[in-house]
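Descriptive analysis of the structure
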Amino acid sequence: MLQNRPPIIVILGHVDHGKTTLLDYLRKSNLAAREAGGITQTIRSFQLAMPAVASAKEGKLITFIDTPGHAAFAQMRSRGSKAADIALLIVAGNDGVMPQTKEAYEAISKSGIPFIVVITKSDLAESDPDRVKTQLTEIGIIVEDFGGTVPAVAVSGKTGQGISELLEMIDLMRELSPPQADPDGQLEAVVVESKLDSKKGPLAEVIVKNGTLSLGQLLFNSAPVGKVKALLDFENTQIKTALPSVPVEILGLTSVPPVGSVLSDKPVLNPQPSNVKTPTSIVNGQSSINVILKADVLGSLEAITNQLDPKISVLSSTTGEVNDTDVLSAKSSNAIIVAFNLKIGASVQKLAEIEKVRVKSFGIIYELFDYLDLLVNPKETEKILGKALIGAEFKIGPDRIAGCKVTEGLLQKSDTVRLVRGDKVIGQTKFKSLQTGKTLIDKVKVGQEFGATLSPYLDFKVGDIIIAFATYGTP
Ligand code: GDP
């Protein structure tokens with residue numbers, strides 16, 4: 001049964017505008033409230049009880065996701081798995097609207113979640129909230145004070161000024177449209193952070209959006225990702241279950257699930273095509289190609305990532321050999337592995353073949369760029385297989401048969417063909433049948449005469465040319 005769950009909040013904004021300071025303030029106020037000391041958190045998302053809005057109702061908790069980078073945020077969106085319910089758009093009161101403010105706003109508006117403008121650093125004398133609000137109108141955000149609908153609040157992550165007002169605003173938004181989930185329903189846990197720890201193995205920080213995450217559960221995204229061996233909450237306490245909106249770290253997985261992917265207790269949440277095709281996802285409303293980058297050294301990785309087309313979505317970029325985990329992550333996230341200056345081991349190659357994951361390795365950087373370029377702008381090359389001239393027309397029953405002679409190459413019954421009149425293409429079709437006399441045949445060679453029926457039907461005329469061709473797409 002659907003029940004209200006705590007709202008999940010994400011914080012976005014220009015670098016240095018105070019996201020971390022605000023989160024730290026909130027986190028500390030939380031710890032103080034629980035008289036905790038010396039807790040080292042491994043995960044940075046956390047839940048906050050709202051003493052400022054103490055109500056008897058449920059939903060006194062707020063979950064904060066520690067600022068996923070924009071790419072991760074876009075990734076989450078692209079997978080239809082909105083990790084957050086409400087966004088905070090941070091703008092420093094002294095600095096005002098900056099390029100990343102705009103980007104963050106675009107990401108938020110595309111995700112369709114409501115947001116609050118948070119003007120930070122309001123303890124500084126030079127902070128000027130009205131100037132910020134005016135600048136915001138220029139990028140299309142009209143705050144409530146200015147007659148618009150977007151709530152705005154001035155805060156300081158240093159002094160705590162305005163924070164309780166911010167929490168009240170979040171609570172109000174929650175009341176307007178309470179987020180809900182079914183704790184007994186199918187598990188949906190959005191990966192907000194993941195990595196391969198040299199000691200603990202694959203680690204994934206997730207936020208449960210639906211269902212209940214439990215010890216011992218087998219998890220899947222498109223493929224199995226392993227069994228939950230341990231769950232750590234944001235205070236580093238081992239827990240047995242995590243209910244909706246709870247951020248938690250999962251230990252014991254066998255592969256590193258990509259950020260933005262959704263883990264489920266059933267195998268079918270993110271069905272992936274079984275055949276290999278160009279992996280794409282939608283980022284910023286555009287189709288993008290998922291790539292896992294590997295290189296020998298950090299310098300190469302940087303050189304590559306600095307020059308990538310925006311349509312390439314890099315899910316991870318790490319140094320070191322391509323390993324099984326890379327292949328499994330590529331499979332689960334529908335990505336291509338692109339390696340630079342690395343040899344691909346035979347066992348990894350084998351696994352990639354089994355898992356139908358594309359692994360491309362390059363020793364020359366511009367060849368790597370050419371390859372990525374082809375992925376982004378696939379050029380279809382066409383090869384003419386054969387041509388035939390229609391010299392006559394017959395009718396057998398309902399069928400119009402083109403009497404042809406091969407003038408070039410070879411035409412086969414399975415070919416795709418184009419009907420051309422002068423310099424005009426009449427249409428594209430296939431052969432329904434090929435025959436010489438009354439005998440059905442599969443192919444005809446240069447010089448040979450034959451009769452052809454076309455399906456789908458095209459209104460051919462004597463003098464038209466039939467061209468058989470093949471296209472070759474992305475490498
Ligand atoms: P982030 O990049 O958005 O996470 O920004 P940070 O939280 O790291 O803040 C960048 C700088 O601004 C740091 O030097 C902070 O100490 C400072 N800062 C952040 N918030 C405030 C604030 O509310 N008041 C003042 N005076 N300084 C702040």
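For every chain, the first residue of the written sequence is number 1, and numbering continues from 1 onward in sequence order. Where local features are concerned, this predicted model is filtered to residues with pLDDT of at least 70; where side-chain atom pairs are given and counted, the filter is 80 or more; whole-chain, interface and lining totals use all residues. Side-chain numbers come from the whole structure's heavy atoms, not from hydrogens or water.

**Notes on the overall build of the chain**
Inclusion rule: In DSSP terms, a helix is any run of H or I states spanning at least four residues, a strand is any run of E spanning at least two, and both are numbered starting from the N terminus. Relative accessibility thresholds used throughout: buried, under 20% of the residue-type maximum; exposed, over 50%; partly exposed, between the two (1.4 Å probe, protein chains only). The criterion used for residue contact is that any of the two residues' heavy atoms lie within 4.5 Å. Reported accessibility uses the Shrake-Rupley method at a 1.4 Å probe radius. Residues are deemed covered only where the shown protein chains occlude them.
A count of helices and strands for the chain gives nine helices and 30 strands. Going through the 475 residues of the chain one by one, you find that 50% of them count as buried. Residue pairs in contact within the chain that sit at least 24 positions apart in sequence constitute 68% of those at least 6 positions apart. Carbon and sulfur atoms form 52% of the exposed surface of the chain, whose accessible area is close to 22,400 Å².

**Digging into the pattern of salt bridges**
We count it as follows: Throughout this description, the term salt bridge denotes a Lys or Arg side-chain nitrogen within 4 Å of a carboxyl oxygen of Asp or Glu.
As enumerated under the stated definition, the model contains eleven salt bridges in all. In this structure, R174 engages D171 in a salt bridge whose closest nitrogen and oxygen atoms are separated by 2.9 Å. Of this pair, R174 and D171 both sit in helix α5 (residues 163-176), separated by three residues, roughly a single helical turn. Exposure remark for R174: the relative accessible area of 6% places this residue in the buried category. Exposure remark for D171: the relative accessible area of 6% places this residue in the buried category. Between D459 and R400 there is a salt bridge, with the nearest N and O atoms lying 2.9 Å from each other. Note that D459 is positioned in the loop between β29 (449-455) and β30 (465-472) and R400 in strand β24 (residues 399-412), a separation of 59 residues in sequence.

**Description of helix α6 (residues 298-305)**
Here is the rule we go by: Within this analysis, the arc is defined by the directions that extend from the helix axis to the C-beta atoms.
All of the buried residues in α6 are S300, L301 and I304. Down the axis, α6 shows its buried residues gathered within 100° of arc, on one side only.

**A few points about the pairing of strand β6 (residues 115-120)**
Stated formally: Here, strands pair whenever DSSP counts at least two bridges between them. Note on handedness: a crossover is taken as right-handed if, strands pointing away from the viewer, the path from the first strand over the helix to the second is clockwise.
For β6, a buried count of six out of six residues is recorded, marking the element as mostly surrounded by other parts of the structure. Alternating residues of β6 divide into F115, V117 and I119 and I116, V118 and T120, and every residue in both groups is buried. In terms of strand pairing, strand β5 (residues 86-92) meets β6 through six bridges, oriented parallel. Each bridged residue has a counterpart across the sheet, and for L89 the counterpart in β6 is V117. Tracing the backbone out of β5, into helix α3 (residues 99-111) and back to the parallel element β6 gives a crossover that is right-handed. Bridging between β6 and strand β7 (residues 152-154) involves three bridges; their strand directions are parallel. Looking at β7, one finds that I119 is bridged to A154.

**Structural notes on the site of the ligand**
This is how the line gets drawn: Consider each residue's heavy atoms; a residue with any of them within 4 Å of a molecule or strand counts as near. Pairing of N or O atoms within 3.5 Å defines a polar contact, subject to two protein rules: one partner must be a possible hydrogen donor and the other a possible acceptor, and residues neighboring in sequence count only if both atoms are side-chain atoms. For this scheme, ten residues count as nonpolar: Ala, Val, Leu, Ile, Met, Phe, Trp, Tyr, Cys and Pro. Four count as charged, namely Asp, Glu, Lys and Arg, and the remainder, Gly too, count as polar.
What surrounds the ligand is a group of 14 residues, the closest being D16, T20, T21, D123 and K158. Note that an oxygen atom of the ligand is positioned 2.8 Å from one of the side-chain N or O atoms of K121. Protein coverage of the free-state accessible area of the ligand, which is 580 Å², stands at 75%. Considered class by class, the residues forming the shell around the ligand number two nonpolar, seven polar and five charged.

**Digging into the sheet that holds strand β4 (residues 61-65)**
For clarity, the cut-off: A fitted line through C-alpha atoms serves as each axis, taken over the contacting stretch for helices, and the angle formed by two N-to-C directions is quoted from 0 to 180°.
The six strands are arranged β3-β4-β2-β5-β6-β7 in an open sheet whose pairing can be described as mixed. Each having just a single partner strand, β3 (46-49) and β7 make up the two edges of the open sheet. Averaged over neighbouring strand pairs, the angle between their axes works out to 30° when direction is ignored. Pairing of strand β2 (residues 8-13) with β5, which is carried by five bridges, proceeds in the parallel orientation. By the bridge assignment, G13 is partnered in β5 with I90. The sheet contacts of helix α4 (residues 129-138) involve β5, β6 and β7, and relative to β6 the element is tilted by about 140°. Contacts from α5 reach β2, β3, β4, β5, β6 and β7 within the one sheet, and its direction differs from that of β6 by about 175°.

**A short note on the confidence of the model for the chain**
To be explicit about the condition: Confidence of the predictor at the level of single residues is given by pLDDT, which spans 0 to 100.
Looking at the chain, pLDDT values average 83 and 86% of them are 70 or higher. At the level of individual helices and strands, the chain shows its lowest average pLDDT in strand β18 (residues 280-283), which scores 40, and its highest in β7, which scores 98. Scored below 50 in pLDDT, residues 52-59 shows 13 contacts in the model against residues more than four places distant or in partner chains.

**So, the packing of aromatic side chains**
Stated formally: Put simply, two rings from Phe, Tyr or Trp (the six-membered ring, in Trp's case) pair if the centres are within 6.5 Å, and we call them stacked under 30 degrees between planes, edge-to-face over 60, tilted for the rest.
Using the criterion set out here, one finds three aromatic pairs in the structure. Judged by centre distance (5.4 Å) and plane angle (20°), the rings of F46 and F64 are stacked. Highlighted residues: F46 in strand β3 and F64 in strand β4, separated in sequence by 18 residues. Aromatic pair Y105 and F115: ring centres 5.6 Å apart, planes at 50°, arrangement tilted. Of this pair, Y105 sits in helix α3 while F115 is found in strand β6, placing the two residues ten residues apart along the sequence.

**Considering the packing of helix α7 (residues 324-332) against helix α8 (residues 346-355)**
Worth spelling out the cut-off: Geometric relationships in this document are graded by angle, where less than 35 degrees denotes roughly parallel, more than 145 denotes roughly antiparallel, 65 to 115 denotes roughly perpendicular, and other angles denote oblique. Left-handed describes a crossing in which the near helix is turned anticlockwise from the far one by less than a right angle; the clockwise case is right-handed.
The interhelical angle for the contact between α7 and α8, taken along N-to-C directions, is 15°, at an axis separation of 9 Å. The angle between the axes of α7 and α8 places the two elements in the roughly parallel class. The handedness of the crossing between α7 and α8 comes out as right-handed. Residue-level contacts link D324, V327, L328 and K331 of α7 to V348, L351, A352 and E355 of α8. Of the residues in the contact of α7 with α8, the class split is five nonpolar, no polar and three charged.

**Regarding the environment of D415**
With respect to the helices and strands, the residue D415 is situated in the loop between β24 and β25 (416-421). For D415, the contacting residues outside a window of four places in its chain are L385, L410, T429, K430, F431 and A468. At 2.7 Å, the side chain of D415 forms a polar contact with the backbone nitrogen of Q412.

**Section: unusual backbone geometry**
A cis amide bond links S455 to the next residue, P456, at an omega of 0°. As for its position among the elements, P456 is in the loop between β29 and β30. Even without being a glycine, D16 presents a positive backbone phi close to 75°. Relative to the assigned elements, D16 resides in the loop between β2 and α1 (19-33). Unusually for a residue other than glycine, K121 sits at a positive phi of about 60°. In this fold, K121 is placed in the loop between β6 and α4. Since its relative accessible area comes to 26%, K121 is described here as partly exposed.

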